[in-house]
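# Reading the structure
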Amino acid sequence: MPEAARKIFDALCVVSPYCLGNEEKNQDRVGWYPAVGVASLGDGVTTSARSGEAAETAVNLSPILRRNAREGIKAISDLLFTRRLEAQHAPIQLPEHASSTMRPMLEHAAREQLSKSFQTTLVSLCLTPGDENVVVDGVVCGDSAFFVFDADGTLLASSLACDIPVGDSDDADTMRVCLGDELLIKIVSHLSEHPGLADKAEIRSQHIDRWFVCKVLDKCNNNGSKKRQGAGSIVLKKDEPILVPGYLVGQYLSPNSGHYPKIWFSETIRLLSTPPPTTSFNSPGSATAVLPDQVDSKLWREYREQFPLDSHFVLGSDGFYGSFDSPSELWAWLQRHETQLRNQQQASVMKALHTQLHAKRNDDDISFVWVYPMNREAR
């Protein structure tokens, strides 16, 4: 499977340090490991000493997450904690002109600062292609994020919109489902037969032929709720129609096939009782989770989803996606500047993006990994 990922996907990795100010800042790290289909991005915390080294460590070790995300996150965090302790106990270099009275205070302040050193965010995706779809296992800690677009640029999923609201009841007429749970469904009809439902679910008319109206018959297992950290859940009425994209249904593409396919519950499925998820880049900021300090909390999250083989995956620091107002604007920028980002014009394109970010808030490191299908024209 990793070999298949190497042949199907490639990536563009860009890191552009803060450049519009007197501050020196270069704390983002990115990585693409095609042999195992892993893309990762770490954004070192500005207020944390040695955070660039922390981001580099987390990204370099991220391929271990594909085996077992929980154990991998703990291993990365253990190493960051170890490096923090080593820094705290190493000799402190003080200014030569510091007086003997000031030296103890300066040393104490330096060691206190090192007690919060080696902090970083992390977003990592592992892509495992199959015959029809690609399985994506993701880990997110902090405000770095990932976005999944289809070949037309429609947003399929985002880690900024993955908190599914929890329902109010859970009785015999309902079932609680979580991202990644396996569901037994019945295909009722093509969505094209019900344009009113498509409008309600905000599915564009040019995509309506790719969707099906289905009903959930049963839940086959609890993969999502039992195996993944931080997964949201929703209460689904058993007689409630759901709208399912064709790539999840796979080979069972006919309402009259007589088959009852099993699918994963996915963020891309539309529920008529719940508004489609929205992704906002302008929500108020808050304290962000970081490694290694939040390793034992519920603040880092795991994801498992399926997407079409021609999907695009974008991992970005908050400085990158914060430069835009919406995912569609982010996608349009990538399409517009793809050629320039691959040649000598990359520096000027990124300088313009820093200016755009600075006008919205303040400048920051900007980094992203764009994983795209190879031979896109053929697909």
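Residues numbered from 1 in each chain as written. Predicted model: local features only at pLDDT ≥ 70, side-chain atom pairs only at ≥ 80, totals over all residues. Heavy atoms only, no water.

## Some words on the confidence of the model for the protein
Mean pLDDT over the protein: 87, with 89% of residues reaching 70 or higher. Here residues 163-167 is modelled with pLDDT under 50, and outside its nearest four sequence neighbours on either side it reaches 14 contacts, counting other chains as well. (pLDDT = per-residue confidence, 0-100. Contact = heavy atoms within 4.5 Å.)

## What to know about the packing of aromatic side chains
Counted according to the given criterion, the structure contains 12 aromatic pairs. Among the aromatic residues, those joined into a ring-pair cluster are Phe149, Trp331, Trp370 and Tyr372. (Phe/Tyr/Trp six-rings, centres within 6.5 Å; stacked < 30°, edge-to-face > 60°.)

## A closer look at helix 2 (residues 51-61)
Here helix 2 has its buried residues at Ser51, Gly52, Ala54, Ala55, Thr57, Ala58 and Val59. Contact partners of the buried residues in helix 2: strand 2 (28-33), strand 3 (38-43), helix 3 (69-89) and strand 4 (122-129). (Buried < 20%, exposed > 50% of the residue type's maximum accessible area, 1.4 Å probe, protein only. Helix = DSSP H or I, 4+ residues; strand = E, 2+ residues; numbered from the N terminus.)

## Describing a nonpolar patch on the surface
Together, Met102, Met105 and Leu106 line one region of the surface with nonpolar side chains, adding up to about 250 Å² of accessible area. Within the fold, Met102 resides in helix 4 (residues 102-114). The partly exposed category is assigned to Met102, whose relative accessible area is 37%. (Patch = residues over 30% accessible without salt bridge, like charges linked within 9 Å, V, L, I, M, F, W, Y side chains within 5 Å. Areas by Shrake-Rupley, 256 points an atom, 1.4 Å probe, with all protein chains shown as cover. Salt bridge = Lys/Arg side-chain N within 4 Å of Asp/Glu carboxyl O.)

## Re helix 9 (residues 327-341)
Maximal helix bending in helix 9 amounts to about 40°, located at Gln335. Of the positions making up helix 9, those classed as buried are Pro327, Leu330, Trp331, Trp333, Leu334, His337, Glu338 and Leu341. (Bend = angle between axes of the 7 residues up to and from the residue.)

## Description of the nonpolar core
Phe307, Phe313 and Val371 are the most contacted members of the largest nonpolar core, which has 43 residues in total. Other than its neighbours up to four places away in sequence, Phe313 contacts Phe9, Leu125, Leu127, Val134, Val136, Phe147, Val148, Phe307, Val369, Trp370 and Val371. Within the second largest apolar cluster, 23 residues are counted, among which are Phe147, Val314, Trp370 and Tyr372. (Core = buried A, V, L, I, M, F, W, Y, C linked by side-chain atoms within 4.5 Å.)

## Looking at the pattern of salt bridges
Taken as a whole and assessed by the stated rule, the structure comprises 14 salt bridges. When the shortest N-O distance is used, the salt bridge between Glu56 and Arg29 registers 3.7 Å. With a gap of 27 residues between them, Glu56 in helix 2 and Arg29 in strand 2 connect regions that are remote in the sequence. Asp152 is the partner of Arg210 in a salt bridge, and the nearest nitrogen-oxygen pair spans 2.6 Å. In this pair, Arg210 sits in the loop between helix 5 (195-200) and strand 10 (211-219) while Asp152 sits in the loop between strand 6 (145-149) and strand 7 (155-158), placing the two residues 58 residues apart along the sequence. A relative accessible area of 38% means that Arg210 is categorised as partly exposed.

## A short note on the environment of Trp211
Its place among the elements puts Trp211 in strand 10. For the pair Trp211 and Ser192, spaced 19 residues apart in sequence, the C-alpha separation works out to 7.7 Å. Contacts of Trp211, omitting those with residues within four sequence positions, involve His190, Leu191, Ile203, Leu243, Val244, Pro245, Gly246, Thr268 and Arg270.

## A word on the environment of Ser367
Residue placement: Ser367 occurs in strand 17 (residues 366-373). Note on Ser367: relative accessible area 0%, which makes it buried. Put simply, Ser367 and Leu315 are 52 residues apart on the chain and 8.4 Å apart in space, counted from C-alpha to C-alpha. Filtering out sequence-adjacent residues up to four positions away, Ser367 remains in contact with Val14, Val15, Asp28, Val30, Leu41, Leu315, Gly316, Ser317 and Phe320. Looking at Ser367, its side chain comes within polar contact range of the side chain of Asp28, at 2.8 Å. (Polar contact = N/O pair within 3.5 Å; in protein donor to acceptor, adjacent residues only side chain to side chain.)

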